[in-house]
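# Descriptive structure summary
Given next are the chains, with one letter for each unit.
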Amino acid sequence: MPPKNKFNQEEIISAALDIVRELSADGLTARSLAQRLSSSPKVIFGYFSGMDEVKQKVIERAYELYLSYLKEDMSKGEYPPYKASGMAYIRFADTERELFKLLFMCDRNQSGSVDFDAESSGFAEVLSSRLGITNEEAKLFHLEMWTSVHGIATMIATDFLRLDNELISTILSDVYNGARLRLEAKKEN
């Protein structure tokens, strides 16, 4: 009779997530995971088909965590919901740097590029309605905002730049208002 396992699939995923947090995605190997669990890689593969499956589960868990940041920041009411989503993205980059890099600073050549139209459709609908602009204008507006938010988040996640929340909020307001004024001027012409 084989020995009883000391841990379950959920505990393996949690340990793998912690390794990524501490060492980066490159630090997650069968050996590092087995060492963290005081086990052998053979036991891990009793639960998973291979490290690719473990890594996919880590990505899924990291994304769930990111969504919890969005939900939390958007429900606080400190900022309007659209701005709160950007602030949450940046906060996630600051507090979960390696998970942010795993999710949002990865090579898209293998996993495929993000379908920006699909990803931004919900935001575009809200912006279109709120600002009285077309869906295409709203997609451009969101792209401008998202590239600003992602740029700030990336600089923070890589320790290139440190900004406090007040300055981040000011920058996002300036970008938002600048894009909004450009659209209003376009309508007047």
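Before going into details, it helps to say that this report is about the structure given with it. (Residues numbered from 1 in each chain as written. Predicted model: local features only at pLDDT ≥ 70, side-chain atom pairs only at ≥ 80, totals over all residues. Heavy atoms only, no water.)

The biggest cluster of nonpolar side chains holds 43 residues, and the ones touching the most others in it are Leu 28, Leu 33 and Val 54. Of all the elements in the fold, those that place two or more residues in this core are helix H1 (9-23), helix H2 (30-36), helix H4 (51-76), helix H5 (81-95), helix H6 (97-104), helix H9 (135-157) and helix H10 (165-188). When neighbours within four sequence positions are excluded, Leu 28 is seen to be in contact with Ala 16, Ile 19, Val 20, Leu 33, Met 51, Val 54, Lys 55 and Val 58. Formed by eleven residues, the second largest nonpolar core is a distinct cluster that contains Ala 124, Leu 127, Ile 133 and Leu 183. (Core = buried A, V, L, I, M, F, W, Y, C linked by side-chain atoms within 4.5 Å. Buried < 20%, exposed > 50% of the residue type's maximum accessible area, 1.4 Å probe, protein only. Helix = DSSP H or I, 4+ residues; strand = E, 2+ residues; numbered from the N terminus. Contact = heavy atoms within 4.5 Å.)

It is worth spelling out the side chain of Arg 61 at this point. Residue position: Arg 61 is located in helix H4. A polar atom in the side chain of Arg 61 sits 3.5 Å from the side chain of Ser 14. Those residues in contact with Arg 61 that sit more than four places away from it in its chain are Glu 10, Ile 13, Ser 14 and Leu 17. (Polar contact = N/O pair within 3.5 Å; in protein donor to acceptor, adjacent residues only side chain to side chain.)

This paragraph deals with the packing of aromatic side chains. What the rule picks out here adds up to twelve aromatic pairs. Ring centres of Tyr 82 and Phe 123 lie 5.6 Å apart, and the angle between their planes is 70°; on these two criteria the pair is classed as edge-to-face. Within this pair, whereas Tyr 82 is found in helix H5, its partner Phe 123 is found in helix H8 (residues 116-131), the two being separated by 41 residues in sequence. Among the aromatic residues, those joined into a ring-pair cluster are Tyr 63, Tyr 66, Tyr 69, Tyr 89, Phe 92, Phe 100, Phe 104 and Trp 146. (Phe/Tyr/Trp six-rings, centres within 6.5 Å; stacked < 30°, edge-to-face > 60°.)

On the secondary structure map, Tyr 63 appears in helix H4. Exposure remark for Tyr 63: the relative accessible area of 37% places this residue in the partly exposed category. Sequence spacing of Tyr 63 and Phe 104 is 41 residues, and the spatial spacing of their C-alpha atoms is 10.0 Å. Not counting residues up to four positions away in its chain, the partners in contact with Tyr 63 are Leu 103 and Phe 104.

What follows covers the packing of H6 against H9. It is at 10 Å that the axes of H6 and H9 come closest, and there the two elements cross at 135°. Relative to H9, the element H6 is oriented oblique. Regarding H6 and H9, the two cross each other, and that crossing is left-handed. Contact residues: H6 offers Arg 97, Phe 100, Lys 101 and Phe 104, while H9 offers His 150, Ala 153, Thr 154, Ile 156 and Ala 157. For the contact of H6 with H9, a count of residues per class yields five nonpolar, two polar and two charged. (Axes fitted to C-alpha atoms, helices over the stretch in contact; angles between N-to-C directions. Parallel < 35°, antiparallel > 145°, perpendicular 65-115°, else oblique. Left-handed = near helix turned anticlockwise from the far one by under 90°. Nonpolar A, V, L, I, M, F, W, Y, C, P; charged D, E, K, R; others polar.)

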